Amino acid sequence: MLPPADSAILGACFHGHAEELDRLGLQPQWLEHPATREIVQAIFALSRAGKPVNILNVMALSRNVPREIWPPVREISLNGYGDVVAQNALESARRAYAVRQAIPVAMELATLLRDKPDGVHSYLPRIVSQLSQVARKGEAYDARPSALIKHKVPPILF
């Protein structure tokens, strides 16, 4: 039910590695399931407040999580997930996120190569830069001005 990377992160969080994952920079968007994102944010909130990270406290903070998600989460938190290394769980989540981001870009490349093989010089640099950005930062970068204008650029002060 839960993706393997999400299960590994939950296992690490419930078994004493929540502070370490927070310190290592786990980003909620790296997790595949939206309910897992909310659960991990609740775990981080508990950890930052110095409260115990247990299933009851997490359930109290995660009110928007559907009921069908809780049985596997409860299983991970109560019965254990085995020996979890926080760094390995973090890398697993980061890799799964990078793959999810790279698949649409690769599919776009395959479609363009099939439909417009003569215009490869016009779209290949953009696709390669997007795939390179996915490899470096985990998310595709769109260099078009219309895409950049959506993000607010902070003012430069002299």
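Everything quoted here is computed from the prediction, not taken from an experiment.

Rules used in this analysis
Residues numbered from 1 in each chain as written. Predicted model: local features only at pLDDT ≥ 70, side-chain atom pairs only at ≥ 80, totals over all residues. Heavy atoms only, no water. Helix = DSSP H or I, 4+ residues; strand = E, 2+ residues; numbered from the N terminus. Buried < 20%, exposed > 50% of the residue type's maximum accessible area, 1.4 Å probe, protein only. Contact = heavy atoms within 4.5 Å. pLDDT = per-residue confidence, 0-100. Axes fitted to C-alpha atoms, helices over the stretch in contact; angles between N-to-C directions. Parallel < 35°, antiparallel > 145°, perpendicular 65-115°, else oblique. Left-handed = near helix turned anticlockwise from the far one by under 90°. Nonpolar A, V, L, I, M, F, W, Y, C, P; charged D, E, K, R; others polar. Salt bridge = Lys/Arg side-chain N within 4 Å of Asp/Glu carboxyl O. Expected span 1.5 Å × (residues − 1). Bend = angle between axes of the 7 residues up to and from the residue. Core = buried A, V, L, I, M, F, W, Y, C linked by side-chain atoms within 4.5 Å.

Trainee: For this particular structure, what's the right way to read the overall build of the protein chain?
Mentor: Scanning the protein chain from N- to C-terminus turns up 7 helices and 0 strands. Mapped in sequence order, the helices and strands of the protein chain form the string α-α-α-α-α-α-α. Put simply, the protein chain has 158 residues, and 33% of those count as buried. Counted over contacts in the protein chain with a minimum sequence separation of 6, partners at least 24 positions apart contribute 62%.

Trainee: Which parts of the structure should I look at to understand the confidence of the model for the protein chain?
Mentor: Low-confidence regions, as indicated by low pLDDT, have predicted coordinates that should not be scrutinised in detail. Residues at a pLDDT of 70 or more form 85% of the protein chain, whose mean pLDDT is 83. For the protein chain, helix 7 (residues 145–148) is the element with the lowest average pLDDT, namely 62, and helix 2 (residues 34–49) is the one with the highest, namely 92.

Trainee: Honestly, the environment of A93 in this entry has me stumped. Any pointers?
Mentor: Take A93: it is sitting in helix 5 (residues 86–115). Residue classification places A93 among the buried positions, given a relative accessible area of 0%. Residues A93 and Q27, 66 residues apart in the sequence, show an inter-C-alpha distance of 9.2 Å. In this structure, A93 is in contact with A5, I9, L26, W30 and L31, ignoring residues within four places of it in sequence.

Trainee: Before we go on, may I ask you to explain the packing of helix 1 (residues 4–24) against helix 4 (residues 70–79) in this structure?
Mentor: Geometrically, a packed helix pair is captured by the angle between its two axes and the distance between the axes. Two elements in contact, helix 1 and helix 4, have axes whose closest approach is 9 Å; the angle formed by their N-to-C orientations is 45 degrees. The orientation of helix 1 relative to helix 4 falls into the category oblique. Relative to helix 4, the crossing made by helix 1 is right-handed. Between helix 1 and helix 4, the contacting residues are S7, L10, G11, F14 and H15 on the first element and V73, I76 and S77 on the second. A breakdown of the residues in the contact of helix 1 with helix 4 according to their chemical character gives 4 nonpolar, 4 polar and no charged.

Trainee: Sorry if this is basic, but what is going on with the pattern of salt bridges here?
Mentor: Pairing is possible between side chains that carry opposite charge, provided their charged atoms lie close to one another. Applying the stated rule across the entire model yields 5 salt bridges. Residue R94 pairs with E91 through a salt bridge whose shortest N-O separation is 3.6 Å. Here R94 and its partner E91 are both found in helix 5, 3 residues apart, which amounts to about one turn of the helix. Put simply, D115 and R114 hold a salt bridge, and the shortest N to O gap is 3.4 Å. For R114, a relative accessible area of 59% gives the class exposed.

Trainee: How should I be thinking about helix 1 in this particular structure?
Mentor: The α-helix advances 3.6 residues per turn, and as a result positions three or four apart in sequence lie on the same side. Helix length check: helix 1, at 21 residues, gives a terminal C-alpha distance of 20 Å against a target of 30 Å (1.5 Å per residue), a shortfall beyond 12%. Of all the bends found along helix 1, the most pronounced is centred on H17 and spans about 115 degrees. For helix 1, the complete set of buried residues consists of A5, D6, S7, A8, I9, L10, G11, A12, C13, F14, A18 and L21. In this structure, the buried residues of helix 1 make contact with helix 2, helix 3 (55–61), helix 4 and helix 5. Two residues or fewer past helix 1, G25 is found with a positive phi of approximately 95 degrees.

Trainee: Is there a simple way to think about the nonpolar core in this case?
Mentor: A general feature of soluble globular proteins is that nonpolar side chains tend to end up buried together. With 32 residues, the main nonpolar core has I9, L10, I39 and V73 as its most contacted residues. Those elements that place two or more of their residues in this core are helix 1, helix 2, helix 3, helix 4 and helix 5. Counting residues per element, this core draws most heavily on helix 1, at 8 residues. Beyond its immediate stretch of four places on either side in the chain, I39 contacts L10, V58, S62, V65, I69, W70 and V73. One finds V105, L109, L112 and Y123 within the second-largest nonpolar core, a separate group that totals 5 residues.

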